[in-house]
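# Coordinate analysis (summary)
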Amino acid sequence: MEEIIQQRLELTAFSSKMLLVRHQIGTVVVGQDKAVDLLLTAVLADGHVLLEGVPGVAKTLLARLMAKLIDARFSRLQFTPDLMPSDVLGTSVFNMKESEFEFHRGPIFSEIVLVDEINRAPAKTQAALFEVMEERQATVDGTTYPLGDLFTVVATQNPVEQEGTYKLPEAQLDRFLMKITMGYPSPDNEMLILKRHHENARITLLEQVQPLLTKDELLQYRSLLSQVVVDESLLRYIVEVVQLTRSSKAVFLGASPRAAVALLRASKAYALLQGRDFVTPDDIKAVAPAVLQHRLVLTAEAEMEGYNAARLVDQLVDQVEVPK
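What you see is a predicted model, and the numbers here were worked out from it, not measured in a lab.

## A short note on the pairing of strand β8 (residues 143-146)
Moving residue by residue along a regular strand, the side chains alternate between the two faces of the sheet. Two strands pair when backbone bridges link them, and strand β7 (residues 137-140) and β8 are joined in this way by 4 bridges, in the antiparallel orientation. Paired with Q137 across the two strands is P146, which belongs to β8. Where β7 hands over to β8, the hairpin turn is made up of 2 residues, of which D141 adopts a positive phi near 55 degrees.

Have a look at this one:
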């Protein structure tokens, strides 16, 4: 790994912009630094994100804020049990004047799409997202409509409430680059939240936030990933981690080859956020739980023993010898 010691990319401007983005997020969302870093990583890696957490930990706020910071078209979909695929994709309407059908585009035709409570919609509505998430296009009535290079889905779900929800299909979960779990803030951070509200010095309102990234800048930053150096030993390290998920006795369904590619892209984006143009084993370890946890199906025995997918990934990663 000697070849990756010297810095190849000039990342000063990029790092300064990311510092501004982090600071702006911190004025609105308190106590979710890890989730923020992973979300920025996913956006840089050009991947869709699933935010999971109990009500009140700022999942929707963080997703809306990220969209606000990017000067891009934004739409929000509130998934409900009666939502139809046409409510997502759009529908063809007969134009009496022209005597022909016109396609009226649905809210999915945007650049940053917030899907709130994604697990509340039935399977046929979830299926409407399969093509758009994987191929960035939608086919309606035999006609294919592109969604653009910037198209990104940020979805939220509540892991606790089960009534009126549907389990997301494994094929759909595999299309999310990351599943980011948002927990409760620390006591100090919760004190800070309360103080701001008590003193009427409220956390910056979302409406006051101005975009910090243009579409062109984001696409330019994403192009940097192709120049991030990854030693062959680290590629082998990723393969061994993914292979181990398939052979573990605690796992019924292991990670797919798409997961290995996702782990590579996320590691490169995370390295960029640390101001480096090369990947280290620590970058892979940092993003592995978020990239792999939602792609694994644990055995019934493992679940009964209280295994957690994210912690299991940490254990599996620790079993693989770190490249020197």
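## As for the sheet that holds strand β10 (residues 176-181)
If you walk across this open sheet you meet the 5 strands as β3-β6-β9-β1-β10, and the pairing is parallel. If you trace the sheet from one side to the other, it starts and ends with β3 (74-78) and β10, each paired once. Across the sheet, the mean angle separating the axes of adjacent strands is 15 degrees when strand polarity is ignored. The pairing of strand β1 (residues 48-52) with strand β9 (residues 152-157) spans 4 bridges and is classified as parallel. By the bridge assignment for β9, E52 is matched with Q157.

## Concerning helix α8 (residues 215-223)
In an α-helix, one full turn covers 3.6 residues, which means residues spaced three or four apart are oriented alike. Buried within α8 we find L218, Y221 and R222. All buried residues of α8 project into a common sector of 100 degrees when viewed along the axis, lining one side. On the buried face of α8, the contacting elements are α1 (12-26), α2 (33-44), β2 (70-71), β9, β11 (213-214) and α10 (257-273).

Calculation notes
Residues numbered from 1 in each chain as written. Predicted model: local features only at pLDDT ≥ 70, side-chain atom pairs only at ≥ 80, totals over all residues. Heavy atoms only, no water. Pairing = 2+ DSSP bridges. Helix = DSSP H or I, 4+ residues; strand = E, 2+ residues; numbered from the N terminus. Axes fitted to C-alpha atoms, helices over the stretch in contact; angles between N-to-C directions. Buried < 20%, exposed > 50% of the residue type's maximum accessible area, 1.4 Å probe, protein only. Arc of directions from axis to C-beta. Contact = heavy atoms within 4.5 Å.

Remember that the coordinates give geometry; whether it matters functionally is a separate question.
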